[in-house]
Amino acid sequence: MKKAFLFLSALLAAALPAMADEGMWLPSLISQRIGDMQAKGFRLTAEDVYSVNQASLKDAVVLFGGGCTGELVSDEGLLLTNHHCGYSYIQRHSSVEHDYLKDGFWAMNRDEELPNKGLTVSFLDHMDEVTDLVLKGYEPGMTEAQRDSVVKVNSDRLVRESTDPDKGLKANVEALFYGNRYYLFVFRVYRDVRLVGAPPSSIGKFGGDTDNWMWPRHTGDFSIFRVYADKDNNPADYSPDNVPYRPRKFFKISRKGVQEGDFTFVYGCPGSTQEYVMSDQVRYVAEQSDPQKIALRTQRLDIQKKYMSASQAVRIQYSSKNASVANAWKKWQGEEKGIRRMRTVASKLAYEQRFREWARGTRYEGIVDELGEIYARRNPTYLAYEYYNEAVRTIELLSFASAVQSRLRAGTPTEDLIDSFYKDYYQPIDEETFVAMMTSFDRNVPERFKPDWFREQLAKYGSVAAWKDDLYAHSLFIDREKVAALRSVDEVAGDPAIEMYDAFLAWYRKDLYPVIQETGAALRVANRTYMQGQMDFEPQRDFYPDANLTLRIAYGQVKGYSPYDGAYYYPVSTLKGIIEKDNPDIFDYNIPQVLRDIYAQGGHDGQPVCFLATNHTTGGNSGSPVINADGDLIGINFDRVWEGTMSDIAFNPDICRNISLDIRYLLFVVDQVGHASYLFDEMSFAD
Ligand code: ARG
Ligand code: GLU
């Protein structure tokens, strides 16, 4: 039975060009996928998804800020994204009197919407392959430096031709497939984006870091904004005279709900993946980089937790810092485990063996071994560099000291920097982190990489603790008033925090950077060759480029999964589960009283909250619209399950799942908690 099954799956795998559900496809090439999408249930055409001639779904999707996605849901610029994507803006509007993070925020009319300095949303106007134009003038035999300059000159020209500040048009040329292809992306960037609504964090961040990257999930992870334009619908700086932006296209909302097996489609801006790297790089990530970074962060998180649970004030100060440290920490654990469980290193090795045999006598002969040699040269130094980032640069006093120093040197004001630093600085956490990080540095960084200066400090003080005591006793940066009184950069010369920052920086520049730089350049060339080699080796396979924060399409279906032997996770969660988790004594699970009251009225057991699907997503896809077979909005993407986070390196259709907010939970919260159902008047419902 098992053998027959294995045989059948092998046959199926061989017959399918791309693995089911894997892939982050380029919108402009969607006509190559549309047949497969339609076979899986999609009812729209390629032109409906991406078109330069007519309004298409792409016109309703934006890059939100610098690393999330958002979608338009009305012809008056109403935009949805995640709560965690709007978090820093909500925080900036919050004070003790108006704690919008804690209590939520609901504009009851347009005048109450809050402007957000610095926040932009970017609509993709069009994208074109420009490989020939970018490489015009390049000839085989040119050096890499010559190639770079050809690429730069041509790209700069293309960007210049497509840029038009008056219309808010901004352009980029991006290398895809490691520089085997180049694409021009032209965006319209809107810069008056106002906050319309956000649930209390006890809904928008329900489950906190306890549930982060996990299923079953019950987070109401959404916030609502509105895009404004000038009278001609063009981008403009904030002005009370601006009017709601009229998009070419916005999503209709479906209230029909999701069933296991339903077609789903995520349109958004995934940030970064490395699906085509060789086995040595995968091994480095899973066996060295991830475990090292996880261990360092475990220490930092433990220290933060200790002080955060002892004081309400410290908890607030460190909540955002703690969440971001915890986020990657948890993701890496899933990734490391997933790579091991999938035996990705072994399967890459087997692939490389087949590739080597095929490559004999071609221009790809030897490329895998060359990559292996470069990684062997690079990785020990790179690991030390990652240690530097995670253990040295995370000491808050040092980065603050250096930031103040640069401002003084440039002659720019330091007040805002000083305010934001001390507002969220708790010295005992930083001191304890210093001891933990420097002790680990001493223990774990190989002798040959340690800076001489570091050894001298240890010798001078006899212990990390004594060194720490001296530094925090003598650095002026622990004293807000002294920092505020600084007038010239000369006054900070010789400060022990500056001295330490500079000593490590000098070490990085002298001992690490040259190797990282040289091997980085070699890798770019070798990976370009290897990528093209893989495409030639498997001409029948459909390749998608690694994510790079450009607009992509992932499609799949609503589906549960088995996280471990003996267990199966259903793909839908409901309000009943929130009530089951509710616990006033646990911060992450303490729901607002209003939600308890609504639930107590009865009839809300089945209220959907989140769902799972098989779409291939990554960081940056947060806030992405999740769309059904008719192109209508059914959810907002916000996470993945942590057993599947290795999908940034290797996708496994059995356990890789994205987690979305069910759009009906957003409607429920806007109405019942926010009493802002006036917003529904401008939305359009498909059913
Ligand atoms: N894991 C999600 C993402 O990668 C959500 C992160 C924000 N939430 C949190 N609890 N830290 O961005
Ligand atoms: N929460 C992530 C984000 O902010 C999405 C999760 C992921 O797929 O990595 O983009």
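Data block above holds the structure.
Residues numbered from 1 in each chain as written. Chains lettered and ligands numbered in written order. Predicted model: local features only at pLDDT ≥ 70, side-chain atom pairs only at ≥ 80, totals over all residues. Heavy atoms only, no water.

1. Re the site of ligand 2
Here is step 1 of the chain: Neighbouring ligand 2 are the residues His 84, Trp 213, Thr 618, Gly 619, Gly 620, Asn 621, Ser 622, Phe 638, Asp 639 and Arg 640.
Here is step 2 of the chain: Take Phe 638: an N or O atom from its main chain is 2.9 Å from a nitrogen atom of ligand 2.
Here is step 3 of the chain: Expressed as a share of its isolated accessible area of 300 Å², the protein-covered part of ligand 2 is 89%.
Here is step 4 of the chain: Counting residues per element, the shell around ligand 2 draws most heavily on strand β17 (residues 633-640), which supplies three residues.
Here is step 5 of the chain: Taken together, the residues of the shell around ligand 2 sort by class into two nonpolar, six polar and two charged. (Near = heavy atom within 4 Å. Polar contact = N/O pair within 3.5 Å; in protein donor to acceptor, adjacent residues only side chain to side chain. Areas by Shrake-Rupley, 256 points an atom, 1.4 Å probe, with all protein chains shown as cover. Helix = DSSP H or I, 4+ residues; strand = E, 2+ residues; numbered from the N terminus. Nonpolar A, V, L, I, M, F, W, Y, C, P; charged D, E, K, R; others polar.)

2. Let's talk about unusual backbone geometry
Here is step 1 of the chain: Here Trp 215 and Pro 216 are connected by a cis peptide whose omega angle stands at 0°.
Here is step 2 of the chain: Structurally, Pro 216 is set in the loop between α9 (208-211) and β10 (223-229).

3. Remarks on the packing of aromatic side chains
Here is step 1 of the chain: Per the counting criterion, the structure on display carries 50 aromatic pairs.
Here is step 2 of the chain: Residues Trp 358 and Phe 537 carry aromatic rings whose centres are separated by 5.2 Å and whose planes lie at 50° to one another, so their mutual orientation is tilted. Pair noted here: Trp 358 is in helix α12 (residues 344-359) and Phe 537 is in helix α20 (residues 496-537), with a separation of 179 residues, a long-range link.
Here is step 3 of the chain: Residue class for Phe 537 comes out buried when judged on its relative accessible area of 18%.
Here is step 4 of the chain: The ring of Tyr 50 carries Lys 58 above its face, with NZ or CZ at 5.6 Å from the centroid.
Here is step 5 of the chain: Over the face of the ring belonging to Tyr 228 we find Arg 194, whose NZ or CZ atom lies 3.6 Å from the ring centre. (Phe/Tyr/Trp six-rings, centres within 6.5 Å; stacked < 30°, edge-to-face > 60°. Buried < 20%, exposed > 50% of the residue type's maximum accessible area, 1.4 Å probe, protein only. Lys NZ or Arg CZ within 6 Å of the ring centre and 35° of its normal.)

4. Describing the state of the cysteines
Here is step 1 of the chain: One pass over the structure, following the stated rule, counts one disulfide.
Here is step 2 of the chain: Cys 269 carries a free sulfur, and the closest cysteine sulfur to it, the one in Cys 68, is 9.4 Å from it.
Here is step 3 of the chain: The exposure class assigned to Cys 269 is buried, which follows from its relative accessible area of 4%.
Here is step 4 of the chain: Counting only cysteine sulfurs, Cys 85 is the nearest neighbor of Cys 610, a cysteine outside any disulfide, at a range of 14 Å.
Here is step 5 of the chain: The class of Cys 610 is buried, set by a relative accessible area of 0%. (Disulfide = S-S within 2.5 Å.)

5. Considering the site of ligand 1
Here is step 1 of the chain: Lining the immediate environment of ligand 1, one finds His 84, Lys 205, Gly 208, Asp 209, Asn 212, Trp 213, Ala 323, Asn 327, Phe 638 and Asp 639.
Here is step 2 of the chain: With respect to ligand 1, the side chain of Asn 212 contributes an N or O atom lying 2.7 Å from a nitrogen atom.
Here is step 3 of the chain: Take Asp 639: an N or O atom from its side chain is 2.9 Å from a nitrogen atom of ligand 1.
Here is step 4 of the chain: For ligand 1, whose unbound accessible area comes to 340 Å², protein coverage reaches 85%.
Here is step 5 of the chain: Those elements that provide at least two residues to the shell around ligand 1 are α9, α11 (312-342) and β17.
Here is step 6 of the chain: Among the residues forming the shell around ligand 1, the class breakdown is three nonpolar, four polar and three charged.

6. Here's the deal with the side chain of Asn 637
Here is step 1 of the chain: As for its position among the elements, Asn 637 is in strand β17.
Here is step 2 of the chain: Looking at Asn 637, its side chain comes within polar contact range of the main-chain oxygen of Asn 621, at 3.1 Å.
Here is step 3 of the chain: Within polar-contact distance, the side chain of Asn 637 engages the side chain of Asn 658 at 3.1 Å.
Here is step 4 of the chain: Residue contacts for Asn 637: discarding those within four places in its chain leaves Asn 82, Thr 617, Asn 621, Ser 622, Gly 623, Ser 624, Val 626, Asn 658, Ile 659 and Ser 660. (Contact = heavy atoms within 4.5 Å.)

7. A closer look at the sheet that holds strand β18 (residues 658-662)
Backbone-to-backbone hydrogen bonds join strands into a sheet, with any given pair of strands oriented parallel or antiparallel.
Here is step 1 of the chain: Within the open sheet, the seven strands sit side by side as β13-β12-β16-β17-β18-β15-β14. Their pairing is antiparallel. The strands lining the two open edges of the sheet, one partner per strand, are β13 (552-557) and β14 (572-574). When strand polarity is set aside, the average angle formed by the axes of neighbouring strands in this sheet is 30°.
Here is step 2 of the chain: Where β14 meets strand β15 (residues 608-613), three bridges bridge the pair, whose relative direction is antiparallel. Across the sheet, the residue bridging to Val 572 is Phe 611, located in β15. (Pairing = 2+ DSSP bridges. Axes fitted to C-alpha atoms, helices over the stretch in contact; angles between N-to-C directions.)

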